[in-house]
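In case you want the letters, here they are:
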Amino acid sequence: MKVQPQAIGSQAMRNIVLTTRRDFVRGCLFSAALAVTNKVVASLPLLDVFTYTMNQYTTDIALLGLEETWCRICDALLTIGMPPSGICTTRNLPKLYQLGIEMSGGGTKGHIDVDDRVSKLVVSQLRLSACDSVCCINGGICLPLVDALLASDGRKLLEGKRVLLMDSDPLAMRVCATIIAANLGFSNSDNILCNCSSDIDNICLSRFSAVLAFCTGDDDSFIRRTIGECQSAVILTSVDVNDIVYPAESRLWRGSAMTFPESRVSSGQLSLLTLDKRNKFREDAA
């Protein structure tokens, strides 16, 4: 059957992608490898996180990739619980995840590299016992937040779906949500809300009684918004406190601000801000 020339229009031609035989073969091999990997992952038994070894972990990262490996770890932690020892204990998981990122050639762009003791101090300013909802932004896998939720009966917050995590790394959010849920006795992390930090403009921060934020110098607009909208906020940022634009009414709030040196950030310093609108000073107070 002869094909008429008009049957092949310009729109159809635009859908044709020219390629070399070498690229075509490579594409076929990649598609086949991906199909095999997905089939293998689907057929794998539940991971035994109680006996999981570092050698198994590095092998899984190499063969399955970062995301598939951590999806298996998270599923196992929620199903059989947190192991008391080994590489998958709560304390080891952040470092294990960071190792996986490094093996995969990734980085931690958008995060502030701070010491665990600093993170613990920052989170302690939240006073979660007085909060009815909490939002953690750019915290990565923030273990001090897990500790704070455990110490303040955070199960009630989870039951009411009043914990929101925001981060530029969706997988890190899933890992953090899994750690929180597993430690509080939940079999899934569905009650913990997760949003990509690029959606910050669409999040109503004022509905959270407390916001915990780890911000870089590029997040100045978000810092101003947090100060203006949130009922209570604890912000760790690489922006100098003197360069932050405060709302005029902030002088009526309880709060504090300090700057201290930190060599691991580009600015060479970090600023810690705490603000609380729930305890306003009277305007006529001396």
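Above this note sits the structure.
Note that this is a predicted model, so its numbers are computed, not measured.

What counts and what doesn't
- Residues numbered from 1 in each chain as written.
- Predicted model: local features only at pLDDT ≥ 70, side-chain atom pairs only at ≥ 80, totals over all residues.
- Heavy atoms only, no water.
- Core = buried A, V, L, I, M, F, W, Y, C linked by side-chain atoms within 4.5 Å.
- Buried < 20%, exposed > 50% of the residue type's maximum accessible area, 1.4 Å probe, protein only.
- Helix = DSSP H or I, 4+ residues; strand = E, 2+ residues; numbered from the N terminus.
- Phe/Tyr/Trp six-rings, centres within 6.5 Å; stacked < 30°, edge-to-face > 60°.
- Lys NZ or Arg CZ within 6 Å of the ring centre and 35° of its normal.
- Contact = heavy atoms within 4.5 Å.
- Salt bridge = Lys/Arg side-chain N within 4 Å of Asp/Glu carboxyl O.
- Polar contact = N/O pair within 3.5 Å; in protein donor to acceptor, adjacent residues only side chain to side chain.
- Expected span 1.5 Å × (residues − 1).
- Axes fitted to C-alpha atoms, helices over the stretch in contact; angles between N-to-C directions.
- Parallel < 35°, antiparallel > 145°, perpendicular 65-115°, else oblique.
- Left-handed = near helix turned anticlockwise from the far one by under 90°.
- Nonpolar A, V, L, I, M, F, W, Y, C, P; charged D, E, K, R; others polar.
- Pairing = 2+ DSSP bridges.

Draft legend 1. Representation of the nonpolar core in the model. Among the nonpolar cores identified, the biggest contains 62 residues, and W70, Y97, L126, L145, I180 and L236 are the most heavily contacted of them. Here this core takes 10 residues from helix α9 (residues 170-183), the largest share from any one element. L205, A213, I227 and L275 belong to the second-largest nonpolar core, a separate cluster that totals 22 residues.

Draft legend 2. Representation of the packing of aromatic side chains within the structure. Across all of its chains, the model carries 3 aromatic pairs by this definition. With a centroid separation of 6.3 Å and 85° between ring planes, the pair formed by Y52 and Y57 is classed as edge-to-face. The class for Y52 is buried, based on a relative accessible area of 5%. Residue classification places Y57 among the buried residues on the basis of a relative accessible area of 0%. Considering the side-chain rings of W70 and Y97, the 5.4 Å spacing of their centres and the 75° angle between planes classify their relative orientation as edge-to-face. Note that W70 is positioned in helix α4 (residues 66-80) and Y97 in helix α5 (residues 93-103), a separation of 27 residues in sequence. Here W70 falls in the buried class, since its relative accessible area comes to 0%. Counting every residue linked through ring pairs, the aromatic cluster contains Y52, Y57, W70 and Y97. It is R155 that lies over the ring of F186; its NZ or CZ is 4.2 Å from the centre.

Draft legend 3. The side chain of T178, seen in detail. Tracing the sequence through the fold places T178 in helix α9. Among all residues touching T178, those that are not within four sequence positions of it are C74, L77, L78 and S189.

Draft legend 4. Quick peek at the pattern of salt bridges. All chains considered together, the criterion is met by 6 salt bridges. Salt-bridge contacts for D60 lead to R72; the nearest nitrogen and oxygen are separated by 4.0 Å. Within this pair, whereas D60 is found in helix α3 (residues 54-64), its partner R72 is found in helix α4, the two being separated by 12 residues in sequence. Of the two residues examined, D60 and R72, each falls in the buried class. In this structure, R91 and D147 form a salt bridge, with 2.7 Å as the shortest nitrogen-oxygen distance. Pair noted here: R91 is in the loop between α4 and α5 and D147 is in helix α7 (residues 143-151), with a separation of 56 residues, a long-range link.

Draft legend 5. Local environment of the side chain of R225. Among the structural elements, R225 can be located in helix α10 (residues 220-229). One polar contact links R225 to E229, side chain to side chain, over a distance of 2.8 Å.

Draft legend 6. Expanded view of α4. Look at α4: 21 Å from first C-alpha to last across 15 residues, which is about the 21 Å you get at 1.5 Å a residue. Listed as buried for α4 are L66, T69, W70, C71, R72, I73, C74, A76, L77 and L78. Among the structural elements, α3, α5 and α9 are those in contact with the buried residues of α4. Downstream of α4 by one or two residues, G81 has phi in the positive range, about 95°.

Draft legend 7. Spotlight on the packing of α7 against α9. Contact geometry for α7 and α9: axes closest at 10 Å, N-to-C directions at 25°. When the interaxial angle is binned, α7 and α9 end up roughly parallel. Our pair here, α7 against α9, has a crossing hand that is right-handed. Contacts between α7 and α9 pair L143, L145, V146, L149 and L150 from the former with I179, I180 and N183 from the latter. Per-class residue counts for the contact of α7 with α9 are 7 nonpolar, 1 polar and no charged.

Draft legend 8. Spatial organisation of the sheet that holds strand β6 (residues 254-261). One open sheet accounts for 7 strands, arranged β3-β2-β1-β4-β5-β7-β6; its pairing is mixed. With partners counted over all chains shown, the strands left at the sheet margins are β3 (192-196) and β6, one partner each. When the angles between neighbouring strand axes are averaged without regard to direction, this sheet yields 10°. Relative to strand β4 (residues 210-215), strand β1 (residues 134-137) runs parallel, the two being bridged by 4 bridges. Considered in β4, the bridge of C136 is made with L212. Where α9 meets the sheet, it contacts β2 (163-167) and β3, and its direction lies at approximately 165° from that of β3.

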